[in-house]
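# Coordinate inspection notes
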Amino acid sequence: MKKGLLIFIGLLLLVLIIGYFSQGSKDRHRKVLKLGHGLNTRHPVHKAMEYMAERASELSGGELEVQIFPSEQLGNEKECIESLQLGYLAMTKTSTGPMEAFVPRIRIFGIPYLFRDSEHFWKTALGPIGKELLAAGESKGLRGLCYYDAGARSFYSKNEPINNPSDLTGKKVRVMNSVMSMDMIKAMGGSPTPISWGELYTSLDQGVVDAAENNPPSFDTSRHFEICKYYSLDEHVRLPDMLVISAKVWADLTDSQKKWLLQAVDESVAYERKLWAEAEEESMKIVEAGDVVVSYPDKKPFQEAVKPMWNKFLNAENPNDKAIGELILKIQEIK
């Protein structure tokens, strides 16, 4: 009987030892990736990233964990991008606007009226040009993982609608920290004012700026429609959101972790596009119910106003601008 008890205790200890070292091995390989961004938790892009995090955990059996910090908890877009370069932060979601300062070729997305419609945009983003642009920041420590749909950006304002470029004269318009966005507002006759997304509600409320521009879900979830009662759907630019990972962090991932993460990201893109279509429709209902006057201005005057921006790149001689001009022509050829 004593012999049997000793055998039982020995087997139990063996199981515990195996379990301990097995768990220790898992913990050694477990990777936690922190993702910071500026959107609130109602936004469809945030929900898509939550889905991505869930799938990464499921695919990896818990070995890969993505922790998400929304609402600028870890800094604004520019600060998060800089943290990626230093390796302090693993991932961020940013509009392509702030990425221009780090990866010059990303400026292509800031060309007003470059894309004919959503289909034209996605053919570009999912094709060779889009993939090339995701990889363009590698040398700067930034690796693009995917694009998320951010629809088309349009003007919203406090005191009167913006149905013609002349309506922007004398108005201070909030823009992202983006040279292309500032150049666009100047070309249309307005006064561009860079303000971080988290500070914009107060800036609109206090009259620091007269207007801003963004897509319907952002206009809705930010509650900016409580202040701005005019929404003019001129759809001047399609700036996608980008999910970006630190090149330093990416290099530290195992091949399996990279595979799991990329699969989770790809699945989240399809999920986000579905969410986005639903969110745009729902957001328009919400802002209209909030007594916002929605207008659909003629786009031709706006397109004419920004022609100098196109010509700057199409006729460029310096290499960086010339590269943008060549991309413009290639994108226009996509059917």
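Everything below is about the structure printed above this text.
The structure contained in this document is the topic of the report that follows. (Residues numbered from 1 in each chain as written. Predicted model: local features only at pLDDT ≥ 70, side-chain atom pairs only at ≥ 80, totals over all residues. Heavy atoms only, no water.)

## Considerations on the overall build of the chain
What counts is decided by this rule: Going along the chain from the N terminus, every DSSP run of H or I of four or more residues is numbered as a helix, and every run of E of two or more is numbered as a strand. Using a 1.4 Å probe on the protein chains alone, a residue whose accessible area is under 20% of its type maximum counts as buried, one over 50% counts as exposed, and one in between counts as partly exposed. Any pair of residues with heavy atoms lying within 4.5 Å of one another is described as a contacting pair. Exposure was quantified through the Shrake-Rupley algorithm and a 1.4 Å probe, taking into account, for residues, occlusion by the shown protein chains and nothing else. This count recognises Lys and Arg as positive and Asp and Glu as negative, with His and chain-terminal groups excluded. Positions of charges follow a simple convention, taking NZ of Lys, CZ of Arg, CG of Asp or CD of Glu.
Of the regular secondary structure elements, the chain holds 14 helices and 11 strands. For the chain, the C-alpha atoms occupy an extent of roughly 95 × 50 × 35 Å along the three principal directions. Within the chain, the proportion of its 335 residues that are buried is 50%. A separation of at least 24 residues holds for 77% of the contacts in the chain among residues at least 6 apart in sequence. Only carbon and sulfur atoms are counted for the fraction: they give 53% of the accessible area of the chain, which is about 15,900 Å². Here the chain contributes 41 positive and 45 negative side-chain charges, whose respective centroids are spaced 6 Å apart.

## Observations regarding helix α5 (residues 118–125)
Stated precisely, the cut-off is as follows: In protein, a polar contact requires one atom able to donate a hydrogen and another able to accept it; more generally it is a pair of N or O atoms within 3.5 Å, and residues adjacent in sequence count only if both atoms are side-chain atoms.
All of the buried residues in α5 are His120, Phe121, Trp122, Thr124 and Ala125. Summarising the contacts, the buried residues of α5 are in contact with α6 (128–135), β4 (142–148), α11 (255–289) and α14 (319–332). Residue Asp117 occupies the N-cap position of α5, its side-chain oxygen lying 3.3 Å from the main-chain nitrogen of Glu119.

## What about unusual backbone geometry?
Positive phi outside glycine occurs at Tyr113, with the angle close to 60°. Inspection of the secondary structure assignment puts Tyr113 in the loop between α4 (96–99) and α5. Judged by relative accessible area, Tyr113 falls into the buried class, the value being 13%. The phi angle at Glu235 is positive, at roughly 50°, despite the residue not being glycine. Within the secondary structure, Glu235 sits in strand β9 (residues 230–237). Residue classification places Glu235 among the partly exposed residues on the basis of a relative accessible area of 33%.

## Quick look at the packing of helix α2 (residues 44–60) against α11
To keep things clear, this is the line we draw: Every axis in this analysis is a line fitted to C-alpha atoms, fitted for helices over the stretch in contact. Angles between the N-to-C directions lie between 0 and 180 degrees. Relative orientations are named as follows: roughly parallel for angles under 35 degrees, roughly antiparallel for angles over 145 degrees, roughly perpendicular for angles from 65 to 115 degrees, and oblique for any other angle. For any helix crossing, the convention is left-handed if the near helix is rotated counterclockwise from the far helix by under a right angle, and right-handed if that rotation is clockwise. Nonpolar residues are Ala, Val, Leu, Ile, Met, Phe, Trp, Tyr, Cys and Pro. Charged residues are Asp, Glu, Lys and Arg, and all others, Gly as well, are polar.
Where α2 contacts α11, the axes come no closer than 8 Å and their chain directions differ by 150°. The angle between α2 and α11 places the two elements in the roughly antiparallel class. Both α2 and α11 take part in a crossing whose hand is right-handed. Counting all contacts with α2, which are made through Pro44, Val45, Lys47, Ala48, Tyr51, Met52, Arg55, Ala56, Leu59 and Ser60, the residues of α11 involved are Trp260, Leu261, Gln263, Ala264, Val265, Glu267, Ser268, Tyr271, Glu272, Leu275, Trp276 and Ala279. The residue makeup of the contact of α2 with α11, split by class, is 15 nonpolar, 3 polar and 4 charged.

## A look at α14
Operational definition: One fewer than the residue count of a helix, multiplied by 1.5 Å, yields its expected span.
The first and last C-alpha atoms of α14 sit 20 Å apart over 14 residues, in line with the 20 Å expected at 1.5 Å per residue. Each element contacted by the buried residues of α14 is listed here: α5, α6 and α13 (307–314).

## Some remarks on the pattern of salt bridges
It is possible for side chains of opposite charge to pair when their charged atoms get near one another. This is how the line gets drawn: For salt bridges, the criterion is a side-chain nitrogen of Lys or Arg within 4 Å of an Asp or Glu carboxyl oxygen.
Summed over all chains, the structure comprises 18 salt bridges. Glu226 is the salt-bridge partner of Arg223, the closest N and O atoms lying 2.9 Å from each other. On the accessibility criterion, Arg223 (33% relative accessible area) is partly exposed. A salt bridge links Glu235 to Lys299; the shortest N-O distance between them is 2.8 Å.

## Considering the layout of surface pockets
For clarity, the threshold we go by: A cavity, in this analysis, means grid points on a 1 Å lattice covering only the protein atoms where a 1.4 Å probe fits yet has no way out; a pocket is instead an open set bounded by protein on both sides within 12 Å along at least five of seven lines, and a residue lines either one if it has an atom within 4 Å of a point. Grid points are joined across faces, edges and corners, and a volume is the space filled by probe spheres set on the points.
Roughly 300 Å³ of volume is contained in the largest pocket. Residue lining of the largest pocket: 19 residues in total, with Pro112, Tyr113, Leu114, Gln303 and Trp310 positioned closest to the centre. Listed by contribution, the elements that provide at least two residues to the lining of the largest pocket are β9, α12 (300–305) and α13. Here the residues of the lining of the largest pocket sort into 10 nonpolar, 3 polar and 6 charged.

## With respect to the pairing of strand β10 (residues 241–246)
Heads up, the rule is: Between any two strands, at least two bridges found by DSSP are needed for them to pair.
Burial of β10 is extensive: 6 of the 6 residues sit out of reach of the surface. Along β10, one buried face is formed by Asp241, Leu243 and Ile245 and the opposite face, lined by Met242, Val244 and Ser246, is buried too. Strand direction decides the pairing type here: strand β3 (residues 91–95) and β10, joined by 5 bridges, are antiparallel. In the sheet register, Thr92 faces β10, and the bridge partner there is Val244.

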